[in-house]
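# Report on the structure
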Amino acid sequence: METVRQELGYKEKSGQFTKFGQWYADHVQDTQFRDAPWCDMFLAWAADKSGLTSYVGEFAWTPSHAAWFMKQGAWSRQPEPGALVFYDWRGGKSYKGIDHVGVVERVEGKKIHTIEANVDGVWLKRKTRETDKVVGYGIPRLVKENADRAGELRGTEQPFVRDRQPAPGGSPLDFLGTPPALLAAMVLATVVLSLRFTRRRGVHRRLTWSWLPSRPWSWDGQDGQDGQEGQSGQDGQDGPEREARPPAPIPPAFRDRLTRVGSTPVPERPRPPERLPERPRERVRVGGPPQSGEHAGEHAGGGSGQATATRPAPPARRKPYDPR
């Protein structure tokens, strides 16, 4: 208030130039404020000269200045000496309609005595106002009190305590709890599970092949044991000579088993049709009895001297229990 009172009677120069506008333009490095309305720039200049900018604020636009007090928790509807008073000449009560500001010097009843800049056109002077045009009051005292309270709260907070670092000569097992050790353990577990799963699939396939009663693919020497002489199996060794035997067909149950475990089934080789044992043919001589070793048959007709007619004898009818 002492700094404000010392400037009473100041009048703006031609072209709306003021020293307060010049100071603010240089302070924010924007020349448009040199001849701008200077009611709020005067208060910013006075706060800077008094070292109270942190509690008064530094603005040229009055709605922004009022919003700053609201944000600081220092907005009031009651006047007091040293408070900044914000007006809306249209009688509104929203901070967005504020168009003038001054500082309260004293309060008398329902009237306030203020010091205001840029009033009556060009002057910095005292004014006596009614409160019907007042939107609210910014209280620098409350800004200071809130700042001091916040500082006290920050001072009582417990400092952040870091975790104790292990001693230089600690146990080697302390490394197991570190992030690199955990990452290495995860990678190792993944590799082991992958190898085990792959090996399990291979064992299933080999067990499936070994279940077959007869392996018709043994001539390829895939298992290294049933291959013919001179052929090598998977282990690189020649299989011993074995007696050749006809391959047996793959039963349907084993073929389904191969399909379930994911192995490629071996195509079944065509089985030759079953043939009955041949019976000796009967030779019939026309005009004479059958020779030794031959069976009686039908006569083809004619006398002696004719050619011998032969035909196969009808096969004997087999019984269901005939071992043949």
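The structure we're discussing is the one just above.
Parameters at a glance
Residues numbered from 1 in each chain as written. Predicted model: local features only at pLDDT ≥ 70, side-chain atom pairs only at ≥ 80, totals over all residues. Heavy atoms only, no water. Helix = DSSP H or I, 4+ residues; strand = E, 2+ residues; numbered from the N terminus. Contact = heavy atoms within 4.5 Å. Areas by Shrake-Rupley, 256 points an atom, 1.4 Å probe, with all protein chains shown as cover. Salt bridge = Lys/Arg side-chain N within 4 Å of Asp/Glu carboxyl O. Pairing = 2+ DSSP bridges. Axes fitted to C-alpha atoms, helices over the stretch in contact; angles between N-to-C directions. Buried < 20%, exposed > 50% of the residue type's maximum accessible area, 1.4 Å probe, protein only. Polar contact = N/O pair within 3.5 Å; in protein donor to acceptor, adjacent residues only side chain to side chain. Core = buried A, V, L, I, M, F, W, Y, C linked by side-chain atoms within 4.5 Å.

Counting its regular elements, the chain contains eight helices and eight strands. A separation threshold of at least 6 residues defines the contact pool for the chain, and within that pool the share at least 24 residues apart is 47%. Counting only carbon and sulfur atoms, one obtains 53% of the accessible surface of the chain, whose full area is about 23,400 Å².

In this structure the tally under the stated criterion is 13 salt bridges. Among the salt bridges present, the one from Lys19 reaches Glu7, with a minimum N-O distance of 3.0 Å. Here the residue Lys19 occupies a position in helix 2 (residues 19-28), and Glu7 occupies one in the loop between helix 1 (2-5) and helix 2, the gap between them amounting to 12 residues. Here the salt bridges share partners, and the residues they tie into one network are Arg5, Glu105 and Arg126.

Taken together, six strands build an open sheet; the order of strands is 1-6-2-3-4-5 and the sheet is antiparallel. Since the sheet does not close on itself, it has two edges, and those belong to strand 1 (75-76) and strand 5 (123-130), each with one partner. As judged from the eight bridges shared by strand 4 (residues 111-119) and strand 5, these two strands associate in the antiparallel manner. From the neighbouring strand, Ala117 faces strand 5, where its bridge partner is Leu124. With respect to the sheet, helix 5 (residues 62-71) is in contact with strand 1, strand 2 (84-87), strand 3 (100-108) and strand 6 (134-138), its orientation differing from that of strand 2 by roughly 130°.

Located in the positive-phi region is Gln29, a residue other than glycine, with phi close to 60°. Mapped onto the elements of the fold, Gln29 is located in the loop between helix 2 and helix 3 (39-50). Its relative accessible area of 73% is what places Gln29 among the exposed residues.

Position of His113 among the secondary structure elements: in strand 4. Using a relative accessible area of 12% as the deciding quantity, one classes His113 as buried. Within the local environment of His113, its side chain forms a polar contact with the side chain of Thr128, the two groups lying 3.1 Å apart. Leaving out residues up to four positions away in the same chain, His113 has contacts with Val103, Val104, Glu105, Arg106, Glu108, Lys127 and Thr128.

Glancing now at the nonpolar core. Ranked by internal contacts, the top residues of the largest apolar core, which has 33 residues, are Phe20, Trp38, Phe42, Phe69, Leu84, Phe86 and Leu124. At the level of secondary structure, the elements contributing two or more residues to this core comprise helix 2, helix 3, helix 5, strand 2, strand 3 and strand 4. For this core, the leading source of residues is helix 3, giving eight residues. Contact partners of Phe69, with chain neighbours within four places excluded, come to Tyr55, Val56, Ala74, Trp75, Leu84, Phe86, Gly138, Ile139, Pro140 and Val143. One finds Val104, Ile112, Tyr137 and Ile139 within the second-largest nonpolar core, a separate group that totals eight residues.

Note that all results are geometric; they support no functional claim without further evidence.
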